[in-house]
Each structure stands twice: as structure tokens, then as C-alpha cells.
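If you want the building blocks of each chain, they are given just below.
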Amino acid sequence: MSIALLYERSENDEAGIKQTAQQLGIDLKFIPFRKIAITISKDGFNAKTKGKDYLETFNQTAVVLNRAQSKNRRLQASYIMEMLDKKTINTSQVEFTCYSKLRTLLKLWKTGLPVPKTVFVPCDASDFMKNHKEIHNETDIADLFQTEISLDAGIVIKADAGTHGKMIMLSKTREELLTNIKETKPNIINPIGVVAQELIKKWFYDLRIIVYKEKGKQPFCHNKALARAGFKDFRTNTFLGNLVFEAKLPQNVINLASKCGDTLGKGSDAWIFALDAMINVVDNKQIDEASLKTQLDLAAQAYIPVQKVKADETRLTDFLAWNNRLEQTFNTYANSNSYQKVKSVIDENIESNENALVFHEANSCPEFWENTRLVTGLNVAIPLLKAAQSLIG
Ligand SMILES: Nc1ncnc2c1ncn2[C@@H]1O[C@H](COP(=O)(O)OP(=O)(O)O)[C@@H](O)[C@H]1O
Ligand SMILES: [Mg+2]
């Protein structure tokens, strides 16, 4: 029985998983999920693309690494595979939780883990009555939010199932709040209602922490996190052009993150998450921002060659050579003076604010090849494949 990589499009992460499987001597099968017609009928089950029959691959598969990128497709894929008696990483139960930021936060909150104050109003910004008349709920929703979170502190409205910083909006005034609530029409990334959160007074970075579990073993949290940093936007997302740095995690944070994983993965034998966390630093900052900004600008200069390699399309034709170049240019960036300076500011700041950390999202299918792996030294494909092997064992 084999491990199969279920994917939508073969990107760097998939190429990286493939390369890692080869290195580990694992015979990996491939399921190009988007292209396959899955049939159930009185004659049984079938799976084929226009050019190829996948029944044999399905039959030989014991564990599926679910790398479908769209949350909806991923949830569907895990569920289908489980109905076909396959093990999945992650399970459909886990996908169901991680699909929604609110569901994730509810679970963490219930276990007593630190999360941002979050308010959910299950009513949409506007509704249509039977006679097609539109009713506006924005002011009522805004009032409900404002009774719980003050506008002076800042109210963040977010799409419950969004990714890449999409539809994450900050309001500091009543007008902004109303405008932002209006933006949250029910759609695929915000199926129902409006989610608001207190603005966490983080500094210039937030964290992505990797936790995982193999069957029969304790949860494990990698001791280095990916810090995404910059002053460009309150959303410190790499997708929005921020820089990346390695961040050392204090033991207390490692323990909390392991507990988060355990909470979210409850009921499944093996799992993996990239947890997003912020630190409510407020004014506990160790250096002045002017000199920090100078270092960040220098680091941004040092990062340009990395960005150039990332954008280079030769990765599609010669992944190995491209990856070697990526590693080399990244090492030059990571060894630069400015990188090391910013990194030490982040490390020190985490250390002195470790009790102010909150978890705000769990990603069940994290991108890792280009940032997490290079920055933290953890090739996430290894725990992913080992977790899958533990389910066959
Ligand atoms: N409550 C908040 N306070 C401050 N910043 C926030 C808050 N929520 C989100 N952000 C910022 O926006 C980014 C994206 O938000 P997140 O909830 O992780 O959604 P996404 O799914 O888009 O990654 C976070 O990494 C963080 O920098
Ligand atoms: Mg996030």
C-alpha cells in the first residue's frame, strides 16, 4: 500500500514533496484531483481523467496527503478519500475546523488557549425580503461589535474562510467600520455573517509555527518559527510583500503551540498545522523604530536576489537546479548583517513578550518550500511523509 499526493496544480511544494519522498525512499503516487472524474454507481467506484484510469492508483493508496489548495476542494477531497477507506492528512474533521477561522478559535478558546477577542454576528450585512426589498443590517452589526470592542483600540473585520490577507480590514472610525461591514457580502470566503476581532497591537512581525504529530508519538513543535515582518501594512503576510526572518521560540510558546495542535487534531492519529500567531507587544519594544526601519530597508535590498530567483520560471523545467540557486541566494540574504540584526530584535521581543502571544489561525495545508523551509530549516515534507508512513505502519 502506498502514500499518494493529492494535488491541484504541481507547484514548488509538490515538487519538493516529490523530491523529499525520493530521498526518503518512499514510493509516492500522484492524484491530480482537479482533473479526475469520480464516479459512484451500482457497479462500484471509478476514477479517471480524460487520458488515464486512476482506479489502480486509488486501490493502491492507503494514505492521502491532501494538498488541494482551495479550502472547499480540500475538504471535499478528504471526505471522499475517507469514504473510500483511506487515511488522510489532514482528516476531513480537521479540514472542517481549519476551513473557518471562527471554528478554529472556538476550539482553541474552549481549551483555554490564548486567542484574540473575537465577535461573530451570524447575520449578513444586508438581506433580501420575499418582496425583494433589501434590508440593511450594517448599523446593527456595527453597534453589536462596538459594545464588545472599542473603535479606539481598532476593530478588524475578517472573511471567516479567507486566505492570503484577503478581506482583512481594519476600522478605526465608525464610518470605516460600516464600510468594512458592507464589504462582507456572503460569498465563498465568507459564507455567513460577520467576524470581528480586536486589533492585536503587534509590532512589525507575526509568526508562523509548525506543529505536527505522527501516529503513536507525542505532538511536536519545531523550535524555530517563520516571522513575517514589515511596516507596510498591518497584515504582515508574505503574500503582501513582507520580508521573512527566523524566530526562536521560547519553551513556553512551544508548549502552547503543541497544545494547539493537540486540540485541533483531536480524534486523528496524525496531523500537521502551520499556526499563525501574533504578539500583543503594545509598547514593550526593545529598540527605537527609526533604526529598525533602516535595518529593514537594508534587509529588503538583500532580499531582492531571492525574489528574483523565486520569480524565475526555470523552476518548472529544472526544479533541482532552481532550488539550489534559491538556497544559495537565500543563505546570502540570511547571512547579511541587516537580516541578523532584525532577527535578534525579533528574538528578543518574543522572549520579553512571550505571555502576550495569541493564536489566530491554523493552516491545514501550508505552503512551505520557499519560506518556512529556508527560514526555519524544517523541510515540512519530511514530517508530512513520516506522518503518512506512521498511518500505514
Ligand atoms: N486581530 C488582528 N489584529 C492585528 N492584526 C491582524 C488581526 N487579524 C489579522 N491580522 C493581520 O492580518 C494577517 C492575515 O490575517 P489572518 O487571520 O491570518 O488571515 P489570512 O487567512 O488571510 O492569513 C495576519 O497575519 C495579521 O498580520
Ligand atoms: Mg494567516
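Owing to the predicted nature of the structure, the values given are computational and were not obtained by experimental measurement.

J.: Before we go on, may I ask you to explain the site of ligand 1 in this structure?
T.: The full set close to ligand 1 counts 23 residues, and V156, Q197, I200, R235 and T236 are the nearest of them. Of all the elements in the fold, those that place two or more residues in the shell around ligand 1 are β10 (155-158), β17 (271-279) and β18 (357-363). Of the residues assigned to the shell around ligand 1, the class counts are seven nonpolar, eight polar and eight charged. When residues of the shell around ligand 1 are sorted by domain, at least three fall in each of domain 2 (117-198) and domain 3 (202-378).

J.: Would you explain the sheet that holds strand β5 (residues 61-67) in this entry?
T.: The pairing of strands in a sheet comes from backbone hydrogen bonds and takes either a parallel or an antiparallel form. Across the sheet, four strands lie side by side as β2-β1-β5-β6; this open sheet has parallel pairing. A single partner strand is all that each edge strand has here, and the edge strands are β2 (28-32) and β6 (87-89). Here the average twist between neighbouring strands, direction ignored, is 25°. The sheet contact formed by strand β1 (residues 2-7) and β2 spans five bridges and is parallel. Bridge assignment links A4 to a residue of β2, and that residue is K29.

J.: Is there a simple way to explain the nonpolar core in this structure?
T.: Considering soluble globular proteins, one finds that nonpolar side chains tend to be buried as a cluster. If you look at the biggest cluster of nonpolar residues, it comprises 99 residues, and the most contacted ones within it are L6, I209, A227, F245, L275 and L384. The leading source of residues in this core is β17, at eight residues.

J.: Just to check I follow, could you spell out the environment of E246 for this structure?
T.: Examined against the element boundaries, E246 turns out to sit in strand β16 (residues 243-248). In this structure, the C-alpha to C-alpha distance between E246 and V342, residues 96 residues apart in sequence, is 9.6 Å.

J.: Help me out: how do you make sense of the sheet that holds β10 in this one?
T.: One open sheet accounts for four strands, arranged β7-β12-β10-β11; its pairing is antiparallel. Two strands lie at the open edges of the sheet, namely β7 (118-121) and β11 (168-171), each paired on one side alone. Each neighbouring strand pair of the sheet contributes to a mean axis angle of 25°, computed without reference to strand direction. With four bridges joining them, β10 and strand β12 (residues 194-198) adopt antiparallel strand pairing. In the strand pairing of β12, I155 is matched with E198. Seen against the sheet, helix α5 (residues 101-110) touches β7, β10 and β12 and runs at an angle of roughly 130° to β7. Packing against the sheet, helix α6 (residues 138-148) makes contact with β7, β10 and β12, and its axis sits at approximately 155° to β7.

What counts and what doesn't
Residues numbered from 1 in each chain as written. Chains lettered and ligands numbered in written order. Predicted model: local features only at pLDDT ≥ 70, side-chain atom pairs only at ≥ 80, totals over all residues. Near = placed C-beta within 6 Å. Helix = DSSP H or I, 4+ residues; strand = E, 2+ residues; numbered from the N terminus. Nonpolar A, V, L, I, M, F, W, Y, C, P; charged D, E, K, R; others polar. Domains from an automatic or database assignment. Pairing = 2+ DSSP bridges. Axes fitted to C-alpha atoms, helices over the stretch in contact; angles between N-to-C directions. Core = buried A, V, L, I, M, F, W, Y, C linked by C-beta atoms within 7 Å. Buried ≥ 20, exposed ≤ 12 C-beta atoms within 10 Å, placed from the backbone. Contact = placed C-beta atoms within 7 Å.

All we've got here are geometric facts, nothing functional implied.
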